[in-house]
Amino acid sequence: MASSNKRVPTNHVIGFVLSLAMTLVAAWAAIGSDLPVSWVIIGIMILALLQAGVQLFMFMHVTEASSGNGHVPWNMMFHGFALAGIIVAGSLFTMSFGFDHDGHGGGGGDHQQHEEQQDHSGH
Amino acid sequence: MAAEELKTGPLEYRTQEGQMGIMGFWIFLGAEVVLFATLFATYAVLYGRTADAPVPGELFEPGIVLIMTFLLLTSSFTCGLAIHEMRRGSVKGLTIWMSITLALGLGFLGFEIYEFVHYAHLGATMQSSAFWSAFFTLAGTHGLHVTLGIGWAILLLIQIRKRGLTNVTSRKFFIISLYWHFLDVIWIFIFTSVYLIGMVL
């Protein structure tokens, strides 16, 4: 609110620069770096959460007092993301955990799956 | 209904109707987060189930995905600027920044359509494997949201030309700005957990 008369919205510019920087760091970590795969995955997921925070707080005014909506927007987002985490992690746990025969974790068993798929397609 | 109207603060919050409309949209966005969560979960479970189709690491290219990401990030920024101009009372600023946002959104869609057609030529279609079904459903649902958002914003731009800035039109523009930023939030997670992880694994 206090910033609504300023010509240049400093918050938005900072948020934009932060998003660009985090996108580039995430892309470098995934494509250009030699870091261990599990570190890369954890790191870029944290960067994604931080970027979502930038959008919510700097662009979407999630905690704006003049809205008169109190904590509702924040509660909606927090519980939405908590549910999202439960749905994704829970699905992976029930559907994929320990499924691969070669023990390399999710996505490691391409060749065996090829055979399985062909078996099933014969029905 | 709007018995009392505040004299200060952003136009979109001055009536109770405006406040309630915006709160309702936040509740809708909470439901959208869960909708996309189910699609992300399906994608994660089916990761690697590519059957005879190409694997994602062969098809995903950093260049085009980064261009799409920067287009959408910038459009989210310009959408924020549009709301900033709206709160300064400038219909012209709002219209200009919103039009730039839409142009960037159309650019994003163009690249996404090109990408899907390109993958289809290389043998990865909705029908080719469980993995690609999940991929096209997840990315396609996001693309559909972007398409709907563009149509919605064009209608609002026509409306503001006719009616100017009022409590009602500024509430509508504030809500589409929430929607547009939200699409960028979803894209960040698609970019990270689909494309980047798909290139790492």
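Residues numbered from 1 in each chain as written. Chains lettered and ligands numbered in written order. Predicted model: local features only at pLDDT ≥ 70, side-chain atom pairs only at ≥ 80, totals over all residues. Heavy atoms only, no water.

An unreviewed UniProt entry lists chain B under the name Quinol oxidase subunit 3, with Halobacillus locisalis given as the organism. Recorded under Function (unreviewed entry), the UniProt text for chain B is reproduced unchanged: "Catalyzes quinol oxidation with the concomitant reduction of oxygen to water." (UniProt positions renumbered as here; feature names shortened; annotations may be inferred.)

Going by the annotation in an unreviewed UniProt entry, the name recorded for chain A is Quinol oxidase subunit 4, with Halobacillus locisalis given as the source organism. Here is the UniProt Sequence similarities (unreviewed entry) comment for chain A, exactly as written: "Belongs to the cytochrome c oxidase bacterial subunit 4 family."

How should the overall build of chain B be read in this particular structure?
In terms of helices and strands, chain B carries 6 helices and 0 strands. Helices (α) and strands (β) of chain B occur, in sequence order from the N terminus, as α-α-α-α-α-α. By residue count, 58% of the 201 residues in chain B fall in the buried class. Long-range pairs, those at least 24 residues apart, make up 78% of the contacts in chain B between residues at least 6 apart in sequence. Carbon and sulfur atoms provide 67% of the accessible area of chain B, an area that totals close to 7800 Å². (Helix = DSSP H or I, 4+ residues; strand = E, 2+ residues; numbered from the N terminus. Buried < 20%, exposed > 50% of the residue type's maximum accessible area, 1.4 Å probe, protein only. Contact = heavy atoms within 4.5 Å. Areas by Shrake-Rupley, 256 points an atom, 1.4 Å probe, with all protein chains shown as cover.)

What's the story with the overall build of chain A in this structure? I'm lost.
Regarding its fold elements, chain A presents 4 helices and 0 strands. If you list the helices and strands of chain A from N to C, you get α-α-α-α. When the 123 residues of chain A are sorted by exposure, 33% land in the buried category. Residue pairs at least 24 apart in sequence account for 44% of intrachain contacts in chain A once pairs closer than 6 positions are excluded. When the accessible area of chain A is evaluated, it comes to approximately 7500 Å², of which 68% is carbon and sulfur surface.

Just to check I follow, could you spell out the environment of B:Leu157 for this structure?
Residue and element names in this part refer to chain B. Structurally, Leu157 can be placed in helix α5 (residues 130–163). Separated by 16 residues in the primary sequence, Leu157 and Phe173 place their C-alpha atoms 8.9 Å from one another. If sequence neighbours within four positions are ignored, Leu157 has contacts with Thr95, Met98, Ser99, Leu102 and Phe173.

Got a minute to help me understand the packing of helix α1 (residues 10–32) of chain A against helix α2 (residues 37–59) of chain A in this structure?
For any two helices packed against each other, one specifies the inter-axial angle together with the distance between the axes. Residues and elements named next belong to chain A. Taken N-terminus to C-terminus, the directions of α1 and α2 make an angle of 165°; their axes are 10 Å apart at the nearest point. Viewed along their axes, α1 and α2 adopt a mutual orientation that is roughly antiparallel. α2 is crossed by α1, and the crossing has left-handed handedness. Taken together, the residues of the contact of α1 with α2 break down into 15 nonpolar, 7 polar and no charged. (Axes fitted to C-alpha atoms, helices over the stretch in contact; angles between N-to-C directions. Parallel < 35°, antiparallel > 145°, perpendicular 65-115°, else oblique. Left-handed = near helix turned anticlockwise from the far one by under 90°. Nonpolar A, V, L, I, M, F, W, Y, C, P; charged D, E, K, R; others polar.)

Would you mind showing me how to read the confidence of the model for chain A here?
Close reading of the predicted structure is inappropriate where its pLDDT is low. Residue-level pLDDT values for chain A average 79, and 76% of them are 70 or greater. Counting interchain partners and residues more than four positions distant, the pLDDT-below-50 stretch residues 101–123 of chain A has 26 contacts. (pLDDT = per-residue confidence, 0-100.)

Mind showing me how you'd approach the interface of chain B and chain A here?
How big an interface is tends to be stated in terms of the accessible area lost upon association of its parts. Contacts between the two partners involve 54 residues from chain B, matched on the other side by 61 residues from chain A. Both faces considered, chain B and chain A share a buried interface measuring about 5000 Å² in area, 74% of it formed by carbon and sulfur atoms. Where chain B meets chain A, there are 1 salt bridge. One salt bridge connects A:Glu64 with B:Arg87, and the closest N-O pair in it is separated by 2.7 Å. At the level of elements, α1 (16–45), α3 (62–87) and α6 (167–200) of chain B are the ones that each hand at least two residues to the side of chain B that touches chain A. When grouped by side-chain class, the residues that make up the side of chain B that touches chain A number 35 nonpolar, 14 polar and 5 charged. (Buried area = accessible area lost by both parts, 1.4 Å probe. Salt bridge = Lys/Arg side-chain N within 4 Å of Asp/Glu carboxyl O.)

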